[in-house]
Amino acid sequence: MSDVTAPGSRRLLRRVKLVMSGEGTAAQRLDALVEAIANELLCEVCTVYVLRAGEVLELFATQGLNRDAVHKTRLRVGEGLVGNIAANARPLNLQEAQCHSDFAYRPETGEEAFRSFLGVPIIRTGRVRGVLAVQNKVPRQYTEEEQEALEMIVLVLAELIASGELIGAGEQTRAEGNAILPTRLTGVRINSGIAMGEAVLHQNRVSIRQLFGDDPEAEKKRLSTALSAMHESLDALFAADELSGKGEHHDVLETYRLVARDAGWIKRLHEATASGLTAEAAVQNVHDDMHSRLTGAANPYLRERLHDFTDLANRLMAHLSGEHATSAFEELPDNVVLLARNMGPAELLDYEAHRIRALLLEEASANSHVAIVARALDIPVIGRIENLLSRIDPHDPVIVDAENSQVFVRPTEDIQQVVLRTITDREKQRRVHAAMRTQPPVTLDDKRVSLNLNAGLMIEVSQVEETGVDGIGLFRTEIPFMVRSELPSVAAQRALYSSILEQAKGRPVNFRTLDIGGDKQLPYLHGTTDQNPNMGWRAIRMALDRPLMLRHQLRALIQAADGRSLAIMFPMVAEVAELEAARAILDKELERERNRGGRLPAALSIGAMLEVPGLVWQLPALLKRVDFLSVGSNDLFQFLFAADRGNPLVAERYDVLSPGMLELLRKIVEDCYKEQVPLSLCGEMAGDPLEAMALIGLGFRTISMSPTQVGKVRAMVCSLDIGNLASYMNTLTGSPEHSLRSKLEFYARDHGVMI
Ligand code: PEP
Ligand code: MG
């Protein structure tokens, strides 16, 4: 930890305290403040810029620059070094400022003479409010302690700005000049769904009123009391009813609970209070230090921990200030669209889940912990929305269309009406589908289609009953690995697989062995630097090169089955030899279990996933060696068309309902019929009613999809005549068209198929 309690910094902070508690207007105190900073840090210049409406940073106080420039010099966010700090919400510490690409010279200030520059953002409740900067004529490397002292001072400045004495509170909430106009924002879909609500900014910083305490012992005691209260309230929070089902969110919350009791963190907090800081300042100081060390860390595990510590720091501050009770949320509307830069999983749980319609984040990815908890609570989430916090204001009406990764801010009346209709229609449809839950998926010409679930979270497995499916067609075992902080042991895996089998209540579960690599990296394993990760070292390739991990997983699966039936499938098989190698490893594990007197599975089915087109030409040989085949159409399609499924520029260029893709699928169906090998398909196609209709027309009778899609697909199946559709689809073979989508849509409409 760097030391803001070093004598120089400490003297400065004492002076800041004196200035801020002194007489005079806010502007006078600001002038005295810049003077004190310049004197104590031996800087020729100290300036404060405040963010005004219209994304403009205005010079509000200066020591060392031309005072006539105050209230005249204005920079846009992103313009110059000060604008760069505001845009990125990050400090800049430059020995040669003029070498920086964003350096912009403003003649009225007379700052061309200054070579070194240190600036820090003034942030409050996740938003940049201004910038504090110091400059020197000689090239000077500002120390870490000096930077941290400024970071402490901006906490005070943030409060001064928020008090509304410098600029009106109204101006502060509307950060964009043209913000009253409707706006559309885009990001990355993290959890699907459509919702409408009122923007609520997630408040995560409690103000620090005092930097130094008069009695370190008393501060230490306050800290201990707040820590105990926080631990207790976290225990109560995690025991909430909505979270009672078992699931990966439990692992996330358990990890969080452990982080909250991290001995190193608690020790540093106590050390900081012992050196004279108030408990609040100690929390902030330890956190800022951690933030500057971990921010930008490439390792996703460390980044996730940083979010946890940020959340804990805010939570602890709230306990210290007595604002921790959920009463802080009592005034929330019933339809909250929550906005945050990022969030810890527990922070989301502080809100009453039934009020949260959607969550919007500037950062976060599909695998971040808050996303996993949001999914468990069925809250739509969009992440990676650039400058989200400066483009939506509290109370703005917001429509979140997470299916298309877009947000409508202050939408016009007609958009609101359209979306409202969609939401109501969906709700109605959902009720109809729920009522059909027990209806067998049998077609009009009396053919039974097997509908199954794709799952990766325990909460999804628990929906087998609710959705009335036949089983779990794909259990993505890598998901539970991704939410843990270390590789799970055989015992932990055994417990997990066993509880999945129990939840499935005798229905078959196809466990897919780890499909890691590609876009699914495990935080605790070294990532690869593959240039094309999807075509790189992933799935079965990794498993065969690192057989121990596969052996452990197979061992856990065999033991979890404990004499019951077991189905295992291997992902990304590209040639028969890979399947043979994986089978040999499985045989070894069966042998091992037999030798130790364990119970072997009553029936063992071994399957391969067909995701690599090359395997299609080895199908007759492969089918003699497997008990079932499952088509992973997501990967198969991207490799067939050489079009990255994650790249928006090409992902939509080709269609899964193209004649080429459909012909390939038809060949797979024919080969499996010939060899009498059960066939299923578990890519996204299976969950889209029209695409699933095409699959059934080609001869698929078993498909697997995410729980939310089952109702729609069941309705489609029950309204379909397969014989008729198959004859129609035969007439389409050899088509030169880009896609058969519209033809199939017309067919469905003309024949009353519910798509
Ligand atoms: C697929 O590729 O279709 C599939 C089901 O696997 P995943 O989406 O997990 O890659
Ligand atoms: Mg796949």
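Details of the structure are given in the entry above.
First, a word on what this report is: a plain description of the structure on this page. (Residues numbered from 1 in each chain as written. Chains lettered and ligands numbered in written order. Predicted model: local features only at pLDDT ≥ 70, side-chain atom pairs only at ≥ 80, totals over all residues. Heavy atoms only, no water.)

### Let's talk about the overall build of the chain
Quick reminder of the rule: Segments assigned H or I by DSSP are reported as helices when at least four residues long, segments assigned E as strands when at least two residues long, and all are numbered from the N terminus. Relative accessibility under 20% of the residue-type maximum defines a buried residue, over 50% an exposed one, and the middle range a partly exposed one, all with a 1.4 Å probe and only protein chains included. Two residues form a contact once any of their heavy atoms are found within 4.5 Å. Only the protein chains shown count as covering a residue, and every accessible area follows the Shrake-Rupley method with a 1.4 Å probe.
Counting its regular elements, the chain contains 29 helices and 22 strands. The burial tally for the chain puts 55% of its 755 residues in the buried class. Residue pairs at least 24 apart in sequence account for 68% of intrachain contacts in the chain once pairs closer than 6 positions are excluded. Carbon together with sulfur atoms contributes 50% to the accessible area of the chain, which is approximately 31,900 Å² in total.

### Considerations on the pattern of salt bridges
The following threshold applies: Definition used for salt bridges: Asp or Glu carboxyl oxygen within 4 Å of a side-chain nitrogen of Lys or Arg.
By the definition in use, this model includes 42 salt bridges. Note that E40 and R11 form a salt bridge whose closest N and O atoms lie 3.0 Å from each other. A residue pair is termed long-range when its members are at least 10 positions apart, and E40 in helix 2 (residues 26-40) and R11 in helix 1 (residues 7-21) qualify at 29 residues. Salt-bridge contacts for R355 lead to E352; the nearest nitrogen and oxygen are separated by 2.7 Å. Its relative accessible area of 40% is what places E352 among the partly exposed residues. Several salt bridges share partner residues, and in doing so they unite E478, R512, D515, R538 and D635 into one network.

### Focus on the environment of P601
Among the structural elements, P601 can be located in the loop between helix 21 (576-595) and strand 19 (604-610). By relative accessible area, P601 is classed as buried at 13%. Residues P601 and A561, 40 residues apart in the sequence, show an inter-C-alpha distance of 6.0 Å. For P601, the contacting residues outside a window of four places in its chain are I558, A561, G563, R564, L566 and L590.

### Description of the sheet that holds strand 5 (residues 116-124)
Applicable threshold: The rule for pairing is simple: two strands pair if DSSP sees at least two bridges between them. Every axis corresponds to a line fitted to the C-alpha atoms, with the helix fit spanning only the stretch in contact, and the corresponding angles, defined between N-to-C directions, vary from 0 to 180 degrees.
The antiparallel open sheet is built from six strands, whose spatial order is 3-2-1-6-5-4. Pairing within the sheet leaves two strands with one partner each, and these edge strands are strand 3 (74-76) and strand 4 (92-94). Neighbour to neighbour, the strand axes of the sheet diverge by 20 degrees on average, direction disregarded. The strands touched by helix 2 within the sheet are strand 1 (45-52), strand 2 (56-63) and strand 6 (127-136), with strand 2 carrying the most contacts at an inclination of about 65 degrees. The strands that helix 3 (residues 80-88) touches are strand 1, strand 2, strand 3, strand 4, strand 5 and strand 6; relative to strand 5, the one it contacts most, it runs at about 35 degrees.

### Topic: the site of ligand 1
Note the cut-off: We call a residue near a molecule or strand whenever a single non-hydrogen atom of that residue lies within 4 Å of it. Here a polar contact is recorded for every N or O atom pair within 3.5 Å, except that within protein the pair must consist of a potential hydrogen donor and a potential acceptor, and residues adjacent in sequence are included only if both atoms are side-chain atoms.
Taken together, 14 residues are adjacent to ligand 1, and R476, R512, E611, G632 and N634 come closest. In this structure, R512 approaches ligand 1 through a side-chain N or O atom, which is 2.9 Å from an oxygen atom. For ligand 1, an oxygen atom lies 2.8 Å from a polar atom in the backbone of N634. Look at ligand 1: alone it shows 290 Å² of surface, and the protein chains cover 97% of it. When contributions to the shell around ligand 1 are tallied by element, the ones reaching two or more residues are strand 16 (471-476) and helix 23 (633-640).

### What to know about the coordination of the magnesium ion (ligand 2)
Quick note on the threshold: Coordinating donors are taken as N, O and S atoms within 2.8 Å of the metal, stretched to 3.2 Å for Na, K and Ca; because water is absent from the atoms, sites can appear incomplete.
Listed as protein donors to the magnesium ion (ligand 2) are E611 (OE) and D635 (OD); their distances from the metal cover 2.0 to 2.1 Å. Separated by 24 residues along the polypeptide, E611 in the loop between strand 19 and helix 22 (619-623) and D635 in helix 23 bring together distant segments of the chain.

### Quick notes on the pairing of strand 20 (residues 628-631)
Burial along strand 20 is two-sided: F628 and S630 and L629 and V631, pointing in opposite directions, are all buried. Strand direction decides the pairing type here: strand 20 and strand 21 (residues 679-681), joined by three bridges, are parallel. Bridge pairing in strand 21 places S630 opposite S680.

### Here we look at the packing of helix 2 against helix 4 (residues 144-162)
As a reminder, the rule being used: If an angle is under 35 degrees, it is roughly parallel; if it is over 145, roughly antiparallel; if it lies from 65 to 115, roughly perpendicular; otherwise it is oblique.
For the pair helix 2 and helix 4, the least separation of the axes is 12 Å and the interaxial angle reads 175 degrees. Between helix 2 and helix 4, the angle is such that the two are roughly antiparallel. Where helix 2 approaches helix 4, its residues A26, R29, L30, L33 and I37 are matched on the opposing element by L150, I153, L157 and L160.

### So, the pairing of strand 14 (residues 406-409)
Where burial is concerned, the two faces of strand 14 agree: the one with Q406 and F408 and the one with V407 and V409 are both buried. Examined bridge by bridge, strand 7 (residues 183-186) and strand 14 share four bridges and lie antiparallel to one another. Pairing of T186 across the sheet is with Q406, part of strand 14. Summarising the sheet, strand 13 (residues 397-401) and strand 14 pair through four bridges and their orientation is antiparallel. The residue bridging I399 from the neighbouring strand is F408, located in strand 14. Two successive antiparallel strands, strand 13 and strand 14, enclose a turn made up of four residues, where S405 displays a positive phi of approximately 55 degrees.

### Comments concerning the packing of helix 28 (residues 722-730) against helix 29 (residues 741-750)
Which entries qualify depends on this criterion: Here a crossing is called left-handed whenever its near helix is offset anticlockwise from the far helix by less than a right angle, and right-handed whenever the offset is clockwise. Polar here means any residue outside two lists: the nonpolar Ala, Val, Leu, Ile, Met, Phe, Trp, Tyr, Cys and Pro, and the charged Asp, Glu, Lys and Arg; Gly therefore counts as polar.
In contact at an axis separation of 12 Å, helix 28 and helix 29 are set at 150 degrees when each is read in the N-to-C sense. Judged by the inter-axis angle, helix 28 sits roughly antiparallel to helix 29. For helix 28 against helix 29, the interelement crossing comes out right-handed. Contact with helix 28, carried on its side by N724, L725, Y728 and M729, involves K743, L744 and Y747 of helix 29 and no other residues of that element. Residues of the contact of helix 28 with helix 29, tallied by class, amount to five nonpolar, one polar and one charged.

### Some details on the side chain of E58
Considering the arrangement of structural elements, one finds E58 in strand 2. If sequence neighbours within four positions are ignored, E58 has contacts with V48, Y49, V50, R52, H71, T73 and R74.

### Considering empty space enclosed by the protein
Test applied: The way it works is a 1 Å grid over only the protein atoms, where trapped points that fit a 1.4 Å probe form a cavity and open points with protein on both sides within 12 Å along at least five of seven lines form a pocket, and then any residue with an atom within 4 Å of a point lines it. Grid points are joined across faces, edges and corners, and a volume is the space filled by probe spheres set on the points.
Evaluated as defined, the whole model comprises five cavities of 30 Å³ or more. Contributing to the lining of the largest cavity are 15 residues, with L81, V82, A104, E111 and F117 lying nearest its centre. Among the elements of the structure, strand 1 and helix 3 are those that each provide at least two residues to the lining of the largest cavity. By residue number, the principal contributor to the lining of the largest cavity is helix 3, which donates three residues.

### A closer look at the nonpolar core
Stated formally: Each nonpolar core is a collection of buried residues, namely Ala, Val, Leu, Ile, Met, Phe, Trp, Tyr and Cys, held together in the definition by side-chain atoms within 4.5 Å.
Counting residues in each nonpolar core, the largest one holds 97 residues, and the members touching the most others are L629, L665, I668, M693 and I703. Ranked by the residues each element gives to this core, the list is headed by helix 20 (residues 547-561), at eight residues. Each residue touching L665, except ones within four places of it in the same chain, is listed here: V631, L636, L681, M685, L695, L698 and F700. Membership of the second largest hydrophobic core comes to 89 residues, among which are M20, M152, I161 and I167.

### Here we look at the environment of V34
Here V34 lies in helix 2. Classification of V34 as buried rests on a relative accessible area of 0%. For the pair V34 and G64, spaced 30 residues apart in sequence, the C-alpha separation works out to 9.3 Å. Aside from chain neighbours lying at most four places away, what touches V34 is C46, T47, V48, A61, T62 and Q63.

### A short note on helix 27 (residues 710-718)
Along an α-helix, a turn takes 3.6 residues, which lines up residues three or four apart on a common side. When you tally the buried positions in helix 27, you get eight out of nine residues, the bulk of the element. Buried within helix 27 are the following residues: V710, G711, V713, R714, A715, M716, V717 and C718. Residues of helix 27 that are buried in the fold lie against helix 14 (413-435), strand 15 (450-455), helix 16 (463-467), helix 26 (689-698) and strand 22 (702-705).

These figures come from the coordinates and say nothing about function on their own.
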